[in-house]
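# Chain and residue survey
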Amino acid sequence: MTFPSRLEQTAKRNKSNIILALDFPFEKVEQRQKLLFTAQKVLDAAHPFLCAVKINHHLTLPLGLFDGVQGLVQKAHDLGLLAVMDCKVNDIGATNQVIAEYYYSAGFDALIANPFIGWEEGLKPIFDVADKTQRGVILLVYMSHKGALDGYGQTVVDAETGEKTSQYIIFAKKALQYKADGAIVGATYPEKIREIRQILEEKVPIISPGIGAQGGEVEAAVKAGAKYLIVGRAVAQATNPATAAKEFRDRADQAL
Ligand code: BMP
């Protein structure tokens, strides 16, 4: 089964389209094991209101992939959730292939990659590994931060049509062409979600980070066409992660 089908099935079963970013502040290196316990605690509390977790450098750097993070991926699976690696792969193909092999070997169901690297000797080796191992590749299409405008938002000339367009429009079309398993579009830009959704239709699900801490609103993102919402600090670092996760889940549910 493909990653989008598995994610959809999990979201239906768990009645949630919330992906929790397990992000925590910097911890003193000598005390980094604390992060593992904190992540486990948050996961235990919030899992009934999630469809997946997303892990970033916040945990892979201090805990290591196979000695720390792999256990969390296993725990997410045991709790009925999928696990996404947010490594934003951005290198030459030969390197990307090795990166993908390691993350998928650790059990991740999908990883995030940067389409700026292009297809040949860039993204293609990642998609090849993903196909072989039945995992997913999610592409960044328009990021959630202000500076996204400088790269994803720049005006470019479309090599195929010769016409001026926006970089993110090209990336949305590429996501379709490459059969990406998801497209990241910042919840902070609902108008971009709407525009990109018209290109992707139902074929590539939009996954939106930027809810909560970055100011994105659940309702606006969902109404514009986001299928899944990524929430990090507003849940992972909340006094009560379960209550916070439930609140986001309920709001998303109502907006759908
Ligand atoms: P938070 O809800 O705490 O802002 O966390 C959002 C998470 O999603 C972070 O892990 C961040 O690196 C990631 N992210 C993002 O915020 N915007 C993007 O465009 C792409 C991301 O992966």
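Everything in this summary refers to the structure shown in the same document.

Calculation criteria
Residues numbered from 1 in each chain as written. Predicted model: local features only at pLDDT ≥ 70, side-chain atom pairs only at ≥ 80, totals over all residues. Heavy atoms only, no water. Helix = DSSP H or I, 4+ residues; strand = E, 2+ residues; numbered from the N terminus. Rg over C-alpha atoms; globule rule 2.2 N^0.38 Å. Buried < 20%, exposed > 50% of the residue type's maximum accessible area, 1.4 Å probe, protein only. Contact = heavy atoms within 4.5 Å. Areas by Shrake-Rupley, 256 points an atom, 1.4 Å probe, with all protein chains shown as cover. Near = heavy atom within 4 Å. Polar contact = N/O pair within 3.5 Å; in protein donor to acceptor, adjacent residues only side chain to side chain. Nonpolar A, V, L, I, M, F, W, Y, C, P; charged D, E, K, R; others polar. Core = buried A, V, L, I, M, F, W, Y, C linked by side-chain atoms within 4.5 Å.

### Things to note about the overall build of the chain
Along its length, the chain carries 12 helices and 10 strands. The C-alpha atoms of the chain give 17 Å as radius of gyration, which agrees with the globular expectation for 256 residues (18 Å, within 12%). Each principal axis of the C-alpha atoms in the chain carries an extent, and together these give about 55 × 40 × 35 Å. Looking at the chain as a whole, 54% of its 256 residues are labelled buried. Expressed as a percentage of contacts within the chain between residues at least 6 apart in sequence, the contacts between residues at least 24 apart total 69%. Of the roughly 11800 Å² that the chain leaves accessible, carbon and sulfur atoms contribute 51%.

### A closer look at unusual backbone geometry
At lysine 15, a position not held by glycine, the phi torsion is positive, near 50°. Tracing the backbone shows lysine 15 in the loop between helix 1 (3-14) and strand 1 (18-21). Of note, glutamate 121 is a non-glycine position whose phi angle comes to about 55°, a positive value. With respect to the helices and strands, the residue glutamate 121 is situated in helix 6 (residues 119-133). For glutamate 121, a relative accessible area of 66% gives the class exposed.

### Thoughts on the site of the ligand
Inspection of the region around the ligand gives 14 residues, with Asp23, Lys54, Ser144, Gln214 and Arg233 positioned closest. Aspartate 86 is positioned such that a nitrogen or oxygen atom in its side chain is 2.8 Å from an oxygen atom of the ligand. One of the side-chain nitrogen or oxygen atoms of serine 144 is found 2.6 Å away from a nitrogen atom of the ligand. Its residues placed into classes, the shell around the ligand shows 5 nonpolar, 4 polar and 5 charged.

### Quick look at the nonpolar core
Ranked by size, the top nonpolar core spans 95 residues in total, and within it Leu59, Phe108 and Leu111 carry the most contacts. In this view, phenylalanine 108 contacts Ile55, Leu65, Val69, Val73, Ala83, Val84, Met85, Tyr103 and Arg135; residues no more than four positions away in its chain are not counted.

### Some words on the environment of isoleucine 117
Relative to the assigned elements, isoleucine 117 resides in the loop between strand 4 (110-113) and helix 6. For isoleucine 117, a relative accessible area of 22% gives the class partly exposed. Along the backbone, isoleucine 117 and isoleucine 19 are 98 residues apart, and their C-alpha atoms lie at a distance of 26 Å. When neighbours within four sequence positions are excluded, isoleucine 117 is seen to be in contact with Val89, Asn90, Asp91, Asn96, Gly122 and Leu123.

### A look at the side chain of serine 166
By the element assignment, serine 166 lies in strand 7 (residues 164-166). With residues up to four places along the chain from it excluded, the contact list for serine 166 reads Gln154 and Val156.

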